[in-house]
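Listed below, chain by chain, are the residues.
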Amino acid sequence: MGVVVLVGATVQRLSGMGFALIAAPVLVLVLGPAGGVGLANCASGVISVLGLAVGWRGVRAGRMVPLVLAAALTVPLGARLAAVAPEAVLLATIGTVVSAVSVVVMLGVRAAALRGVPGAVVAGAAGGLLNAAAGVGGPPVSLYAANCGWSAREFLPNAQFFGLAVNVMSLSAKGLPALSAPQWTVAACAVAVGTVAGHLMAGRVPDRPVRRLVLGLALAGGLLTLFRGLAAGL
């Protein structure tokens, strides 16, 4: 658990996304859907706070308002789905979502509907729903940013701002995960070390190889979680 959290925190600090894509499938397999998604929400929120501590000046507050407001409307629905669905269904759903999102981001989908205020509303609503239900709220915002032509420098602080907002909302709707003290300690140490490592590596590692690695690991983890869910339902 500690290794995957550390790796996820490192790539999240480098690229603005990736923690949940890499870590959520593994955390779900180790801790179960509720614990895994809850820990992903906690860790992603903390990483976003740490990133904003040095990059808050780059946040486009006006651009982020429709994203965050739309997420606020769908987070309760995602939390409700996570609370009532059977574990096998949640595993299969999380695996499917992570796998599908990884492929979509790999393909770099472009669509007029993902630009401007309408695109922000769509991305924010999808991010809120997926974050509360599966711990994966960043990719819709990544697609929105790509369609709006944001640079990596613009994307990073704004993705962290959205990550902080949507994870706070998700945890408010669901509560903190029921983890043991050693599990919380391992996760906290891994987040701290990974965030520092990502900060030190920022600007020295090209974005494209990092994104490819993130998406490749996410796809593998998503497929594994999907198969685990399907097997549990048989």
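Definitions and limits used
- Residues numbered from 1 in each chain as written.
- Predicted model: local features only at pLDDT ≥ 70, side-chain atom pairs only at ≥ 80, totals over all residues.
- Heavy atoms only, no water.
- UniProt positions renumbered as here; feature names shortened; annotations may be inferred.
- Helix = DSSP H or I, 4+ residues; strand = E, 2+ residues; numbered from the N terminus.
- Buried < 20%, exposed > 50% of the residue type's maximum accessible area, 1.4 Å probe, protein only.
- Contact = heavy atoms within 4.5 Å.
- Areas by Shrake-Rupley, 256 points an atom, 1.4 Å probe, with all protein chains shown as cover.
- pLDDT = per-residue confidence, 0-100.
- Axes fitted to C-alpha atoms, helices over the stretch in contact; angles between N-to-C directions.
- Parallel < 35°, antiparallel > 145°, perpendicular 65-115°, else oblique.
- Left-handed = near helix turned anticlockwise from the far one by under 90°.
- Phe/Tyr/Trp six-rings, centres within 6.5 Å; stacked < 30°, edge-to-face > 60°.
- 1 Å grid on protein atoms, 1.4 Å probe; cavity = no way out; pocket = protein on both sides within 12 Å on 5 of 7 lines; lining within 4 Å.
- Points joined across faces, edges and corners; volume = space filled by probe spheres on them.
- Nonpolar A, V, L, I, M, F, W, Y, C, P; charged D, E, K, R; others polar.

Going by what an unreviewed UniProt entry lists, the chain is known as Probable membrane transporter protein and is assigned to Kitasatospora griseola. What UniProt states about the chain under its Sequence similarities (unreviewed entry) heading is, verbatim, "Belongs to the 4-toluene sulfonate uptake permease (TSUP) (TC 2.A.102) family." According to its UniProt record, the chain has this under Subcellular location (unreviewed entry): "Cell membrane".

Let's shift gears to the overall build of the chain. Secondary structure assignment for the chain yields 9 helices and 0 strands. Order of helices (α) and strands (β) in the chain, N terminus to C terminus: α-α-α-α-α-α-α-α-α. Taken over the C-alpha atoms alone, the chain extends approximately 45 × 35 × 30 Å along its principal axes. Out of the 234 residues in the chain, the part that is buried amounts to 49%. Long-range pairs, those at least 24 residues apart, make up 85% of the contacts in the chain with a sequence separation of at least 6. As displayed, the chain has an accessible area near 10300 Å², and 72% of this comes from carbon and sulfur atoms.

Glancing now at the confidence of the model for the chain. Per-chain confidence: the chain averages 84 in pLDDT, with 93% of residues scoring 70 or above. No element of the chain has a lower mean pLDDT than helix H9 (residues 207-233), at 75, and none a higher one than helix H3 (residues 61-84), at 92.

Here helix H5 (residues 116-134) crosses helix H7 (residues 152-174) at 50°, and the two axes come no closer than 9 Å. In terms of their interaxial angle, H5 and H7 are classed as oblique. Crossing geometry of H5 relative to H7 is assigned as right-handed. From H5, Gly124, Gly127, Gly128, Asn131 and Ala132 reach across to H7, where they touch Phe162, Val166, Asn167, Ser170 and Lys174.

What follows deals with the UniProt feature "transmembrane region" (unreviewed entry) in the chain. Summarizing the sequence annotation, UniProt attributes the feature "transmembrane region" (unreviewed entry) to residues 20-53, 65-83, 89-109, 116-134, 181-201 and 213-231 in the numbering used throughout. Summarising residues 116-134: 100% helix, 0% strand, and an end-to-end C-alpha distance of 26 Å. When the span residues 181-201 is considered, its composition is 100% helix and 0% strand, and the gap between its end C-alpha atoms is 30 Å.

Looking now at the packing of aromatic side chains. On inspection of all chains with the given rule, the structure shows 1 aromatic pair. Plain terms: the ring middles of Tyr144 and Trp150 are 5.9 Å apart, the flat faces sit at 70° to each other, and that makes the pair edge-to-face. Like Tyr144, the residue Trp150 is buried in the burial classification.

Our focus in this paragraph is the layout of surface pockets. Taken as a whole, the second largest pocket holds about 200 Å³ of empty space. Breaking the lining of the second largest pocket down by element, the ones donating at least two residues are helix H2 (19-55), H3 and H7. For the lining of the second largest pocket, the element with the highest residue contribution is H2, accounting for 5 residues. By residue class, the composition of the lining of the second largest pocket is 11 nonpolar, 3 polar and 1 charged.

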